[in-house]
Amino acid sequence: MERVVARTSPVELTSLSGLTPLSATTGGMDSQEIYDVLRSRWGVVAPVDMEPGVPAWLVMGHAEICEITRNESQFSRDPRNWRWHYDGLLSERSALLGISPREPRNSSYHHDGERRRRLRQPLDDGLEALPEKLVVAQVEEVCNRLIEGLGEGGEADLVADWAKKVGFLAVTSLFGFDPATADQMMVDSAHIMDHTGEAAEARDRMGRNLMAHVQASKEVAGTDLTSSFVRHPSFHDDREVADSMSVPLIAASEFLTAWIALTLRLLLTDQRFAARWTGGRIALDEVLDEVLWREAPAANPPLPRYAMNDLEIDGKLIRKGDALVMAVAAANQDPLVHTGNMWDEVGNRAHLAWGVGPHRCPASRQARIIARVAINRLLTELDLELAVEDHDLAWVPSPWVRHPQALPVRYRRARSSGTEIYEVR
């Protein structure tokens, strides 16, 4: 690989201790500060702790991430190839079991090669067949419910009361869940992601809801994603269908929560940037892209790769079974992908927010529609004022995603109707 640093002896992960917590890269006001510290000490590949005592390599170079994520034969997504699993080193209470289970689900998320291709095809086909007008209509319906619940004015948290709800409920609507079931699944998902004492019960209940929905969809010829899944010849049984639904329901909604929250924060705190949008000099899509460049909602996506052989990168000895985390937020600031000329940067979408290679996010088009509609509707319907100073915002204590824990605002219903600035086809 490029940028190999000459050392007398390569650094090994098992020889290091007192490592920087991965969550430090997402939890500060300055999203690049800790990456810069790590890069200055270690180069573009640095050792970190995913959780206390569980190390991984953090890859911060744009070119290195592209090379690793495109090479699934050398860098596997199957957690059974992680040394901390096959050597029995990971605690049964580890939060990492949520993203790297000992036995992966029957979805493309945790598989490589032919099995990944077979399990991924239904998702690609189903998303491709979804009409954008239908996606817009379903997101609009979710927004209408939430705006009605907010009332005429008062105080709200745009993370808990808007971004999280819109993200999750919009995704469940694409899968055809009724509102009552979607609301219950949203509560269960929060327990699972936050590892509360009710997580095990919530996981069982979500599993039952998924399977019941799969079986019901086999009886009705619907147009939603679940109906597309149950008809697809690539799936061998209902369990594969349910497992392939669970990942986008949770992972996609987490990404959308962060993307929507970060975009709202940008527009509420950067008045000069917001004026460019309200003045018509930039479109909302450009605002959304700016966030993907500046912040990267999935700063360190919870998609570790596991080395299949020993190799050296950037002067670090990567041992077979080591975990590698892709620091997308750091790579997006890699000077090798920026020219320094603002005019050359116009339209640049070389950011890695959607991933690269065979596991690239399949729903970037739908995610953009959801975020665009959700932000436009909120700012059209409500006059908003941030209730705290930007520097007083706290950030979620997650190693993987970056967004404010809360965006407290004062609001009132807007008396003028805004212009819808999304296109459908």
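The rules behind these values
- Residues numbered from 1 in each chain as written.
- Predicted model: local features only at pLDDT ≥ 70, side-chain atom pairs only at ≥ 80, totals over all residues.
- Heavy atoms only, no water.
- Salt bridge = Lys/Arg side-chain N within 4 Å of Asp/Glu carboxyl O.
- Helix = DSSP H or I, 4+ residues; strand = E, 2+ residues; numbered from the N terminus.
- Buried < 20%, exposed > 50% of the residue type's maximum accessible area, 1.4 Å probe, protein only.
- Pairing = 2+ DSSP bridges.
- Contact = heavy atoms within 4.5 Å.
- Axes fitted to C-alpha atoms, helices over the stretch in contact; angles between N-to-C directions.
- Expected span 1.5 Å × (residues − 1).
- pLDDT = per-residue confidence, 0-100.

**Considering the pattern of salt bridges**
Pairing between side chains of opposite charge can happen when the charged atoms of each approach one another.
Stage number 1. Overall, the coordinates contain 32 salt bridges when judged by the stated rule.
Stage number 2. A salt bridge links Asp289 to Arg368; the shortest N-O distance between them is 2.8 Å. In this pair, Asp289 sits in helix α12 (residues 284-294) while Arg368 sits in helix α15 (residues 364-381), placing the two residues 79 residues apart along the sequence.
Stage number 3. With relative accessibility at 9%, the residue Asp289 sits in the buried group.
Stage number 4. One salt-bridge network, in which partners are shared between bridges, spans Glu140, Arg377, Glu381 and Arg413.

**Concerning the sheet that holds strand β4 (residues 54-59)**
Stage number 1. The strand order across the open sheet formed by six strands is β2-β3-β4-β10-β7-β5, and the pairing between neighbours is mixed. Edge positions in the sheet fall to β2 (20-21) and β5 (75-76), since each of these pairs with one other strand and no more.
Stage number 2. Taken together, the two bridges between β5 and strand β7 (residues 305-307) define a ladder with antiparallel strand orientation. Paired with Phe75 across the two strands is Ala307, which belongs to β7.
Stage number 3. Lying on the sheet, helix α1 (residues 33-42) is in contact with β2, β3 (45-51) and β4; it crosses β3 at an angle near 130°.

**So, helix α10 (residues 238-269)**
Stage number 1. Given a rise of 1.5 Å per residue, 32 residues ought to cover 46 Å, and the 47 Å separating the end C-alpha atoms of α10 matches this to within 8%.
Stage number 2. Counted residue by residue, α10 has 26 buried out of 32 residues, so it is predominantly covered.

**Regarding the confidence of the model for the protein chain**
Stage number 1. Residues with a pLDDT of 70 or more make up 92% of the protein chain, whose mean pLDDT is 89.
Stage number 2. In the model, residues 342-346 has pLDDT below 50 throughout and makes four contacts with residues more than four positions away in sequence or in other chains.

**So, unusual backbone geometry**
Stage number 1. Even without being a glycine, Ala296 presents a positive backbone phi close to 55°.
Stage number 2. Given a relative accessible area of 1%, Ala296 falls into the buried group.
Stage number 3. One non-glycine residue, Asp314, lies in the positive phi region at around 55°.
Stage number 4. Its location among the elements puts Asp314 in the loop between β8 (311-313) and β9 (316-318).
Stage number 5. Owing to a relative accessible area of 2%, Asp314 belongs among the buried residues under this scheme.

**Quick word on the pairing of strand β10 (residues 323-326)**
If a strand is regular, its side chains alternate between the two faces of the sheet.
Stage number 1. Side-chain alternation along β10 places Ala323 and Val325 on one buried face and Leu324 and Met326 on a second face that is also buried.
Stage number 2. Alignment of β4 against β10, held across three bridges, turns out to be parallel. Bridge pairing links Val59 to Met326 in β10.
Stage number 3. As paired elements, β7 and β10 share two bridges and run antiparallel to each other. Opposite Tyr306, over in β10, you have Ala323 as the bridge partner.

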